[in-house]
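Inside the fold
Below are the chains, spelled out letter by letter.
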Amino acid sequence: MVLIEVKRLTKEFKIPVQKKGQFAAIRNLFSGEYTVKHAVDDISFSVGDGEIVGFIGKNGAGKSTTIKMLSGILQPTSGSITVDGIRPFEQRMENAKQIGVVFGQKTQLWWDVPLIESYRLLREIYKIDTAVYQKNLDRYIPMLGLEEVINKPVRQMSLGQRVKSDICAALLHSPKILFLDEPTIGVDVVSKKYLHDFISEINSEKGTTILLTTHDMGDIEKLCSRVVVIDSGHLMYDGDLESMIARFGAVRSLMIEFEKPVPDFEIENAELTRSEGNRKWFSFHRSKATPLHLVHAIDDRFPIQDIAIIEPDIESIVRNLYESS
Ligand SMILES: Nc1ncnc2c1ncn2[C@@H]1O[C@H](COP(=O)(O)OP(=O)(O)OP(=O)(O)O)[C@@H](O)[C@H]1O
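No experiment lies behind these values; they were computed from the predicted model shown.

1. Some points on the site of the ligand
Around the ligand lies a shell formed by Phe-13, Ile-15, Lys-37, Ala-39, Gly-57, Asn-59, Gly-60, Ala-61, Gly-62, Lys-63, Ser-64 and Thr-65. Of all the secondary structure elements, the ones that give two or more residues to the shell around the ligand are strand 1 (2–16), strand 2 (34–48) and helix 2 (63–70). Among the elements that take part in the shell around the ligand, helix 2 stands out by supplying three residues, more than any other. Partitioning the shell around the ligand into residue classes produces four nonpolar, six polar and two charged.

Here it is, written out as structure tokens:
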């Protein structure tokens, strides 16, 4: 069943033209001149009940603007959105009851108030049923390892603890849908693992539908089987992750550190792309070679000390998508 339906969605921002010179500030006020930025440009996609969809793209691609329209914060310029049959901007209150939103770079919690008090305030503001609130708290606090910070104010938390606290806050009313905008940005590896496990678990246990924006390919590989890619406001790809990687992320890199410096050399099915001290980097197509084959072939010639496999990042996949289109 389709839960989120986005049709021909567009968002334009009018940006006033900044004049220079004498009395510029006053002239700016009255000039009425502006340029139009198409942050989101005629995109359509849908998300099924219970899906986790990765929503990816470069900086400034239009991801946050789309999430803000889906959550009713921004009004679309044109096109339509329905979230479980509700139009988010026109029916903000009804929409708020069924969604949870987390912006990794901002907190919805009170900075100087102990976490548990922030949660109580949210319960009052959103009139969350006490039994639902308590059940969710009892479940999510241990799952997210928040016991040690529950009486601390947000300003005393690490970034990872803060994001986990925000995710818990977004789920207190048992929403059907969770929008996560860059939830792992700047978060340490341990907290990231907690977040991945937690997101998978609420999706499989409660069937929560999740739309996740991220710059981290690791998040996508851990959590999403489907991805929607946008670039400069345009939809570039909507499909399964595996096919996208096979088509647009097929070139991987292998870094080899030798026991001592070796001369540049050629190797079948791989290309030497960089050489620095004892280290060399080779790029190879995943259909033509595996790291193991390459390591064997190289180790026969020069003794190897260490290796690292470098997977293509989101930026390079989007670049390949863009070039192929
Ligand atoms: N309120 C606004 N006024 C004017 N332009 C805006 C506004 N909000 C966003 N934009 C512009 O719209 C474009 C899309 O921005 P958006 O924040 O949606 O991108 P994003 O994909 O989330 O990027 P990032 O990964 O950097 O967060 C950008 O060029 C941005 O500068």
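2. As for helix 7 (residues 189–206)
In this model helix 7 runs 25 Å from its N-terminal to its C-terminal C-alpha over 18 residues, within 8% of the 26 Å that 1.5 Å per residue would give. Of all the residues in helix 7, the buried ones are Ser-191, Tyr-194, Leu-195, Ile-199 and Ile-202. For helix 7, the angular spread of buried residues about the axis comes to 130°, placing them on one side. Along helix 7, exposed side chains directed more than 90 degrees from the buried face belong to Val-189, Val-190 and Ser-204.

3. Some remarks on the packing of helix 6 (residues 159–171) against helix 7
Between helix 6 and helix 7, the least distance of the axes is 10 Å, while the angle of their chain directions is 15°. By the criterion of interaxial angle, the relationship of helix 6 to helix 7 is roughly parallel. Note on packing geometry: the crossing formed by helix 6 with helix 7 is left-handed. Touching Gly-160, Lys-164 and Leu-171 of helix 6 are Ser-191, Tyr-194, Leu-195 and Ile-202, all from helix 7. Taken together, the residues that form the contact of helix 6 with helix 7 break down as four nonpolar, two polar and one charged.

4. Some details on the sheet that holds strand 9 (residues 234–240)
Overall, mixed pairing links the six strands, which are arranged 5-6-7-3-8-9 in an open sheet. Every other strand in the sheet has two partners, leaving strand 5 (99–103) and strand 9 as the edge strands with one partner each. Averaged over all pairs of adjacent strands, the angle between their axes in this sheet comes to 15°, without regard to strand direction. Relative to strand 8 (residues 226–231), strand 3 (residues 52–56) runs parallel, the two sharing four bridges. Within the sheet, the bridge partner assigned to Gly-54 lies in strand 8 and is Val-227. Here helix 6 sits on the sheet in contact with strand 5 and strand 6 (177–181), set at roughly 165° to strand 5. Strands in contact with helix 9 (residues 241–248) are strand 8 and strand 9; relative to strand 9, the strand with the most contacts, it is inclined by about 115°.

5. A few points about the sheet that holds strand 1
Either a parallel or an antiparallel arrangement is found when strands of a sheet pair, and the pairing is made through backbone hydrogen bonds. As summarised here, the arrangement of the three strands in space is 2-1-4, forming an open sheet in which the pairing is antiparallel. With one partner strand each, in any of the chains shown, strand 2 and strand 4 (78–83) form the two edges of the open sheet. Neighbour to neighbour, the strand axes of the sheet diverge by 25° on average, direction disregarded. In this structure, strand 1 lies alongside strand 4, joined through five bridges in antiparallel fashion. Of the residues in strand 4, the one forming a bridge with Lys-7 is Ser-80. Strands strand 1, strand 2 and strand 4 of the sheet are contacted by helix 2, whose axis makes an angle of about 120° with strand 1.

6. Here's the deal with the nonpolar core
Most often, soluble globular proteins have nonpolar side chains that are buried together. If you look at the biggest cluster of nonpolar residues, it comprises 63 residues, and the most contacted ones within it are Val-53, Leu-171, Phe-179, Leu-212, Val-227 and Val-229. With residues up to four places along the chain from it excluded, the contact list for Leu-171 reads Gly-100, Asn-136, Tyr-140, Leu-178 and Ile-202. The next biggest cluster of nonpolar side chains, apart from the first, holds seven residues, and it includes Ile-256, Phe-282, Phe-284 and Leu-294.

Reading the values: the criteria
Residues numbered from 1 in each chain as written. Predicted model: local features only at pLDDT ≥ 70, side-chain atom pairs only at ≥ 80, totals over all residues. Near = placed C-beta within 6 Å. Helix = DSSP H or I, 4+ residues; strand = E, 2+ residues; numbered from the N terminus. Nonpolar A, V, L, I, M, F, W, Y, C, P; charged D, E, K, R; others polar. Expected span 1.5 Å × (residues − 1). Buried ≥ 20, exposed ≤ 12 C-beta atoms within 10 Å, placed from the backbone. Arc of directions from axis to C-beta. Axes fitted to C-alpha atoms, helices over the stretch in contact; angles between N-to-C directions. Parallel < 35°, antiparallel > 145°, perpendicular 65-115°, else oblique. Left-handed = near helix turned anticlockwise from the far one by under 90°. Contact = placed C-beta atoms within 7 Å. Pairing = 2+ DSSP bridges. Core = buried A, V, L, I, M, F, W, Y, C linked by C-beta atoms within 7 Å.

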